[in-house]
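The lines below spell out each chain.
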Amino acid sequence: MTTFRDTVRSEEELREIIGHPSKLVRHKVIDHLDEQCRKFIACSPLLFVSSSDEHGNCDVSPRGDAPGFVHILDEKCMVIPERPGNRRIDTMRNILSNPKIGLIFVIQGLEETLRINGRASITKEEPLLSLMQVNGKSPLLGIGVVVEECFVHCAKAFKRSQLWDQKAWLDRGQLPNPAKMLSAHAKTLGITEQDISTALHESYTKRLY
């Protein structure tokens, strides 16, 4: 395994290389959801959730639904519905041992994102969960977030990646094959690529909610 030899060992060394943020960057962070942040969240169909356990083991996973699927309670609190998934419950297991959480909200076509850091808990309050029903089904649980930091992240990553520029997208034939990857990674189970492809299709078409 490759080891990294010439590494940065302190923030002072890091600052010597990177420099310091501008006055705008230093002062753009707020500790609540103002009108502009609420509008951003209401327009976002996708967010990424970062969490870690008590040992610092990290995880990032996506949450997506129709724009506005995250329910805002007030200027400090919001709830992310926990829709059916693969039952690994990585995020929720982490929250049980370490409530610190980080979120990035994404809107199609917009290169800036909204970052929120705060404290999370897992709610099973039925009156609250019923507000996030889809097709008559309430989520079994929700991730409640108390906002501590909230700020806009610049567009450079999206500009460099050309994520929203369809001319930069790979042809379908060049894309990784998830069913093939899963079959290779779980090869000890003897499940074929076609078996997984069929199971994924059924899950995506029949068990989204």
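In this report, the structure presented in the accompanying data block is examined. Everything numeric here is computed off the predicted structure, so don't read it as measured data.

### Notes on unusual backbone geometry
Here is step 1: The residue Arg87 is not glycine, and still its phi comes out positive at about 70°.
Here is step 2: Among the secondary structure elements, Arg87 is positioned in the loop between β4 (77-82) and α4 (90-97).

### Points about the nonpolar core
Here is step 1: Counting residues in hydrophobic clusters, the biggest one holds 23 residues, and the most contacted among them are Met78, Ile80, Leu103, Phe105 and Ile116.
Here is step 2: Residue assignment for this core shows that the elements contributing at least two residues are α3 (35-43), β1 (46-52), β4, α4, β5 (100-106), β6 (113-123) and β7 (141-153).
Here is step 3: Examining the composition of this core, we find that four residues originate from one element, β7, more than from any other.
Here is step 4: Excluding anything up to four places from it in sequence, Leu103 contacts Leu47, Phe48, Val49, Met78, Ile80, Leu114, Arg115, Ile116, Asn117 and Val145.

### A few points about helix α1 (residues 11-18)
Here is step 1: In terms of residue burial, α1 counts as a barely covered element, since only zero of its eight residues are buried.
Here is step 2: Just downstream of α1, Gly19 is the residue with a positive phi angle, here 95°.

### Concerning the side chain of Ser61
Here is step 1: Positionally, Ser61 belongs in strand β2 (residues 58-64).
Here is step 2: Among the residues examined, Ser61 registers a relative accessible area of 14% and is labelled buried.
Here is step 3: For Ser61, the contacting residues outside a window of four places in its chain are Leu47, Phe48, Val49 and Thr91.

### Observations concerning the sheet that holds β2
Here is step 1: In space, the seven strands of this open sheet follow the order β2-β1-β5-β6-β7-β4-β3, with antiparallel pairing throughout. The open sheet has two edge strands with one neighbour each: β2 and β3 (71-72).
Here is step 2: Sitting on the sheet, α3 is in contact with β3, β4, β5, β6 and β7, with an inclination near 80° to β6.

### With respect to the layout of surface pockets
Here is step 1: Considering only enclosed or pocket space, the largest pocket measures out at about 1,400 Å³ in volume.
Here is step 2: Where the lining of the largest pocket is concerned, the elements lending two or more residues are β2, β4, α4, α7 (178-185) and α8 (193-206).
Here is step 3: Examining the composition of the lining of the largest pocket, we find that six residues originate from one element, β2, more than from any other.

### Section: the packing of α7 against α8
Here is step 1: Interhelical geometry of α7 versus α8 gives an angle of 125° and a closest axis separation of 8 Å. Looking at the two axes, α7 sits oblique to α8. With respect to the hand of their crossing, α7 and α8 are arranged in right-handed fashion. In contact with Ala179, Lys180, Leu182 and Ser183 of α7, α8 contributes Glu193, Ile196, Ser197 and Leu200.
Here is step 2: Taken together, the residues of the contact of α7 with α8 break down into four nonpolar, two polar and two charged.

How each quantity is defined
- Residues numbered from 1 in each chain as written.
- Predicted model: local features only at pLDDT ≥ 70, side-chain atom pairs only at ≥ 80, totals over all residues.
- Heavy atoms only, no water.
- Helix = DSSP H or I, 4+ residues; strand = E, 2+ residues; numbered from the N terminus.
- Core = buried A, V, L, I, M, F, W, Y, C linked by side-chain atoms within 4.5 Å.
- Buried < 20%, exposed > 50% of the residue type's maximum accessible area, 1.4 Å probe, protein only.
- Contact = heavy atoms within 4.5 Å.
- Pairing = 2+ DSSP bridges.
- Axes fitted to C-alpha atoms, helices over the stretch in contact; angles between N-to-C directions.
- 1 Å grid on protein atoms, 1.4 Å probe; cavity = no way out; pocket = protein on both sides within 12 Å on 5 of 7 lines; lining within 4 Å.
- Points joined across faces, edges and corners; volume = space filled by probe spheres on them.
- Parallel < 35°, antiparallel > 145°, perpendicular 65-115°, else oblique.
- Left-handed = near helix turned anticlockwise from the far one by under 90°.
- Nonpolar A, V, L, I, M, F, W, Y, C, P; charged D, E, K, R; others polar.

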